[in-house]
Structure formats: structure tokens, C-alpha cells
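Structural description and commentary
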Amino acid sequence: MSEISFETGRQVGVLINRKGQVEYVMVGNAKTIEMPDFGRARVSEDRFRGLRCVHTHLLGEKLTQDDLTDLALLRLDLMAIVQVDDKTGLPNLVYSAHLLPTTAEKLDTDGEGLPYEFLEPNVPSQLETNFIGLINSLENEMARSRQTARSRHTNRDRVILVNVTTGYLSEAEESLAELEELALSADVVVLDKIIQRRPKIDPKTVLGKGKLEELLVRSMRLGADLIVFDAELSPAQVRSLSEATELKVIDRPQLILDIFAQRAQSSEGKMQVELAQLKYLLPRLVQGQNSAFSRLAGGIGGRGPGETKLETDRRRVRDKITHLEKQVNGLSRQRQERRKNRVQKNLPIISLVGYTNAGKSTLLNSLTQSDVYAEKKMFATLDPTSRRLRLPIEQEVIINDTVGFIRDLPEALVAAFRATLEEISDSNLLVHVVDASNPRADQQIESVDKILTDLKLNEIPQIIILNKADLLDELSLEALKRQVSLDKGYEIVAISAVQPKTLKPLIEKVGEVLARDLSGLAVDAV
Ligand SMILES: Nc1nc2c(ncn2[C@@H]2O[C@H](COP(=O)(O)OP(=O)(O)OP(=O)(O)O)[C@@H](O)[C@H]2O)c(=O)[nH]1
Ligand SMILES: [Mg+2]
């Protein structure tokens, strides 16, 4: 090989199987060589490819980054290069590397794993590695570590989170932190987070080519089976990304929908979530049909079997949406009846609204000594709950817990939950609960206000509760209070929902605002 390489001035390579037979021969140019396309042929997670690559280098290079990427992406048994002597054409040193099972990775200073192990370079006649023994022991180790990894996280999706931004790095980091909270709420195992800053989002693959390759290598090494993008992806982007990575690829709205689907308890909640999922799916089916790919698959005139199936799928989804919408509307009528009864009873209604995880359910529990489900995870509450509460001034009120909000709430979800959310419109007072300990508290207030405005609920009197005050020092709390009152002009009370003794000022404030506004209401009623 060395001599041929020397004579032709090109790199020459072979892929050798474990019996020692040559399966592929490759010829490159002076600087690079292309590996054959293995297409979709995927290697079992516990094995390597069963092929080792040996090729020549003419310019005295050692293993290059391209060589190592090929090694990792193709999961080759070994990558070896033979340096060709530029005077004699005889082989000089042989450099080789193999992959490591994830558990055996050496960590560099950033805690980054190095997936390769380099063998001592040597001249061909002195190479003594028992290659079959080495590869067998690596594969055994890999199978063992997979087993333990599996038993540790039984059946939970293993994900890598990706944010591609054209803006500030700090914003991307915050956004990714929220995405991680969402992912943990969806009960997946977060393996890694990747941020790429680029001048422009790649319209096809979002990430740049190099970063995409890095993502591939990482996902294989860490055994990821899902990639979550911190954005809303177009259907075409999802397709090219999952084709490139051979992994499931989802975006942020889809992740939120998944959480809702996991959480829905009541039949109404389940119906609303399913409706939202189908609404999210529908345009994605439509676009798939318009793509060049399916037109090709459909043959001349674009009416082939592929497209017909898509047409049927679309119709089925649309029918299901219509059906669900009817059911949801039916239920919302029932709910309106119930609401009328409640309004007739003439009890003032207070709704707890706010960003997800702000502490609404916890506050309801503390105020009314109830036991509504509250949890560290996002979107713990999907079904609205009502409780009665007696205020000190001998007045009874109804207090509603509601589903939490989030920035860029998927449109399909807002639409599906409209009925549930509109129930808030009966309220005499909105208690806007804020997690004051969250570094993004002010953005969260903005997001909630935006959704309230979209739902036309911004006319209802509102007080802002800075919750989780126990997690903040006095100064930061005062600063936040000042800032919010400047921005919003609402009444503000700081509390800690987990410390009932801090709730007194809140109850007083509620009584005060209600007394003020209800006197107005009474006049209206006359
Ligand atoms: N330290 C502290 N933790 C709190 C406080 N209030 C709530 N929490 C915690 O915050 C987490 C979220 O509380 P929830 O009451 O479920 O929040 P929520 O607003 O109902 O959330 P969703 O229903 O998901 O929208 C839980 O782990 C609570 O224990 C507080 O005042 N201080
Ligand atoms: Mg809740």
C-alpha cells in the first residue's frame, strides 16, 4: 500500500474484517480519503463495526481530526494510518486509535470525555497488539456498562439539549436552563447540553455542519436516543435533523406537549391535550406532503401511494380534531353551567395565575389547608381546582388554582386549553404568583402578562405575589419589589407559601382589594 501510494501520490486505504479479509479498497487524493457510505446500516450499541481501517498518509501527518471523526461516526474497530516515507516510499510509523466504552473515557480538564485511545506508534514490523483480543474485551466492557446504565435509568429517554442562537450567549444559557427544567419535568435523563452561536441559523439543519458532526459523535458516545432543540423547528428541519442523526428529534413545543400528555389526569384534560397534539401534528403532515421528497415518492403527477396515505392521515387527523373539539366544547358548556351557579351564589372569585412552578398550588394548599398536588416539576397542575376560603372580614371567597404559564406557550395548547383558561375570566381578582427566587423572575412576569393580555384577562384587578421569599435575602427581595412596582404599578406582597405565618399580609390585601372593587360591582349590578 505504501508503495502504491508513493507512486500514485494518493492516499490508499483498506477496510479489513475480523477474519483478516479486505472488504473495501479506497483511493483518495494526496490529503484525504473518503470512507464508503454505510448508509442506514446501524451497528448494535454493544458492538463496533467489525471493520478496521488502514490507510496511508503522504505528508507526514499523524491521525487527523477527520480520521477520528470517521472512527467515531462509523464505529470502526480501529483507525490506523501508515506514514509513507517521502524519499523511499517505504512505510514509516503506524499511528492508530480505537474507541473506548463510555465508562472508560478519560476526562480532560473540562470534564469532557475523550472517546479515543491512541496506541503507541510503531513501525509495521514491530506492531504487536493482539487486535482481536483487544476488540473483544472492549466490546464486553461496553455491553456490561450499557447494562448498568440501562438498569439505572430504566426506559427513560436519554437526551441531549441543543440551543442554536444568533443572539447573546447568556440568553441562550438561560433559555437552555429552562429547557433542562422542562426536560427533567418530562422525566428524561439529560446527558448533555450544547449551545452554538452562529451569524445565521442554518435553514436546513439549524446547526452548522461541524457542530452537527460533533453532536453525532456525542450522541453515539453518550448513548443518546433523543435530541431536543430549544426552538420551534420547521417540519423539514425535523426531518433533515433526524435523518442526519438517525435519532428522534423534537422541539420545545413538542416537549411541552409531551409533559402535558404525561400529566393529564381528568378526561377533559386528556382530551384537551390530545387535541393540542393533533393540532400541532396537522401542519407537519401537510408540509411533508408538499416536500420534494414525497412528490418524488409519489411518482409522476404526485399522486402515488405515498401521497395517498398522507391524504388519508391528514383526513383522519382532521376528523379526530373535529370530534375532539365537539367534545371539549360540550364539556365547556357544562362548565359554564357550573360557573353560573357559582356566580349566582355571589361569592367573589379569586384565581391564582402565574408561571409554571411559581407555587400556585402550594399557596392554595396553605391558604385553605388543602392537599392539592404540588411538585417541583413544571406543569404539576393541569386541571383547575377550586376551594373556598374564609377571609377575616367574615367574607367567603372561591379560590381557583390554574394551569401554569410558560414563555412561548405552544399555540395549539393555548387553543386547546382556552376553555379552561377562560374560566379565569369570571374572576374578581387575579393573584399573580411569581417565583421571586428564579433569576428569570422579571421575564416570567412579562410572559404571564402577555398571555393574560392575549386571553383578554388583563382588565381584571391583579395583585402580584413575590413567592418563595424564604429563598431570597432581604436586599434582593426589596430590589425586585421596587422594580416590579415601577414596571407594573400593581399591589405587591412578598410571601413564602410554605410558611403559613407569612400569608397574613396577602389575605389582608386580598380583602382590601375585593372590598374596593366589589363595592363597584354591587353598583354595576343595580
Ligand atoms: N422554598 C419554597 N418553595 C416553595 C414555595 N412555594 C412553593 N414552593 C415549591 O415550589 C415547587 C412548585 O410548587 P407548585 O405549588 O407545584 O407550583 P405551581 O405554581 O402550582 O406549578 P404548576 O402547577 O406546575 O404550574 C414545589 O416544589 C413547592 O414545594 C415557597 O414559598 N418557598
Ligand atoms: Mg400547580
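Going by the structure above, here's the rest.
Structure report, in brief. Given the structure is predicted, the values throughout are model-derived calculations rather than measurements.

Details of the sheet that holds strand β12 (residues 248-251)
- With respect to topology, four strands assemble into an open sheet ordered β10-β9-β11-β12, the strand pairing being parallel. Each end of this open sheet is capped by a strand with a single partner; those strands are β10 (189-197) and β12. Strand-to-strand, the axes of this sheet are offset by a mean angle of 20 degrees, without reference to chain direction.
- Two strands pair when backbone bridges link them, and strand β11 (residues 226-229) and β12 are joined in this way by four bridges, in the parallel orientation. Note on β12: the bridge partner recorded for leucine 226 is lysine 248.
- Contacts from helix α5 (residues 209-222) reach β9 (158-165), β10 and β11 within the one sheet, and its direction differs from that of β10 by about 170 degrees.

Observations concerning the coordination of the magnesium ion (ligand 2)
- Summarising the metal site, the magnesium ion (ligand 2) is bound by the protein donors Ser361 (OG) and Thr381 (OG1), whose distances to it range over 1.9 to 2.1 Å. Separated by 20 residues along the polypeptide, serine 361 in helix α11 (residues 360-368) and threonine 381 in the loop between α11 and β14 (385-391) bring together distant segments of the chain. Each of the two residues, serine 361 as well as threonine 381, counts as buried.

Digging into the environment of phenylalanine 131
- With respect to the helices and strands, phenylalanine 131 occurs in helix α3 (residues 131-152).
- As for phenylalanine 131 and leucine 78, which are separated by 53 residues in sequence, their C-alpha atoms are 9.0 Å apart.

Describing the site of ligand 1
- In the vicinity of ligand 1 lie 23 residues, with Lys360, Thr362, Ala380, Thr381 and Asp470 positioned nearest.
- Here threonine 381 contributes a side-chain N or O atom positioned 2.7 Å from an oxygen atom of ligand 1.
- In the model, an oxygen atom of ligand 1 is placed 2.9 Å from a nitrogen or oxygen of the alanine 497 main chain.
- The protein chains hide 88% of the 660 Å² of surface that ligand 1 would expose on its own.
- It is α11 that contributes the most residues to the shell around ligand 1, three residues altogether.
- Partitioned by chemical class, the residues of the shell around ligand 1 number eight nonpolar, nine polar and six charged.

Things to note about the side chain of lysine 360
- Within the secondary structure, lysine 360 is located in helix α11.
- Salt bridges are absent for the buried lysine 360, whose nearest opposite-charge side chain, aspartate 401, sits at 5.9 Å.
- Within the structure, lysine 360 has its side chain in polar contact with the backbone oxygen of glycine 354 (distance 3.4 Å).
- Every residue in contact with lysine 360, bar those within four places of it in the chain, is listed here: Leu352, Val353, Gly354, Tyr355, Asp401, Thr402, Val403, Gly404 and Val433.

A few points about the sheet that holds strand β3 (residues 51-57)
- Spatial ordering of the open sheet is given by β2-β1-β3-β4-β5-β8, a layout of six strands whose pairing is mixed. Looking along the sheet, the strands with just one partner apiece sit at the ends: β2 (22-27) and β8 (116-122). Ignoring strand direction, the axes of neighbouring strands in this sheet form an average angle of 15 degrees.

Regarding the pattern of salt bridges
- This model, assessed by the stated rule, comprises 23 salt bridges.
- Of the charged contacts, one joins glutamate 214 and lysine 211 as a salt bridge, the two residues approaching to 3.6 Å between their closest N and O atoms. One end of the pair, glutamate 214, and the other, lysine 211, are both in helix α5, three residues apart, so they sit about a helical turn from each other.
- Overall, the relative accessible area of 22% leaves lysine 211 in the partly exposed class.
- Where lysine 504 meets glutamate 508, a salt bridge forms, and the shortest distance between an N and an O atom there is 3.5 Å. Note that lysine 504 and glutamate 508 are positioned in helix α16 (residues 504-525) at a spacing of four residues, about one turn of the helix.
- Here glutamate 508 falls in the partly exposed class, since its relative accessible area comes to 44%.
- Linked through salt bridges whose partners overlap, the residues forming this network are Arg18, Arg47, Asp77 and Glu139.

How each quantity is defined
- Residues numbered from 1 in each chain as written.
- Chains lettered and ligands numbered in written order.
- Predicted model: local features only at pLDDT ≥ 70, side-chain atom pairs only at ≥ 80, totals over all residues.
- Heavy atoms only, no water.
- Pairing = 2+ DSSP bridges.
- Helix = DSSP H or I, 4+ residues; strand = E, 2+ residues; numbered from the N terminus.
- Axes fitted to C-alpha atoms, helices over the stretch in contact; angles between N-to-C directions.
- Contact = heavy atoms within 4.5 Å.
- Donors = N, O, S within 2.8 Å, 3.2 Å for Na, K, Ca; no water.
- Buried < 20%, exposed > 50% of the residue type's maximum accessible area, 1.4 Å probe, protein only.
- Near = heavy atom within 4 Å.
- Polar contact = N/O pair within 3.5 Å; in protein donor to acceptor, adjacent residues only side chain to side chain.
- Areas by Shrake-Rupley, 256 points an atom, 1.4 Å probe, with all protein chains shown as cover.
- Nonpolar A, V, L, I, M, F, W, Y, C, P; charged D, E, K, R; others polar.
- Lys, Arg positive; Asp, Glu negative; His and termini not counted.
- Salt bridge = Lys/Arg side-chain N within 4 Å of Asp/Glu carboxyl O.

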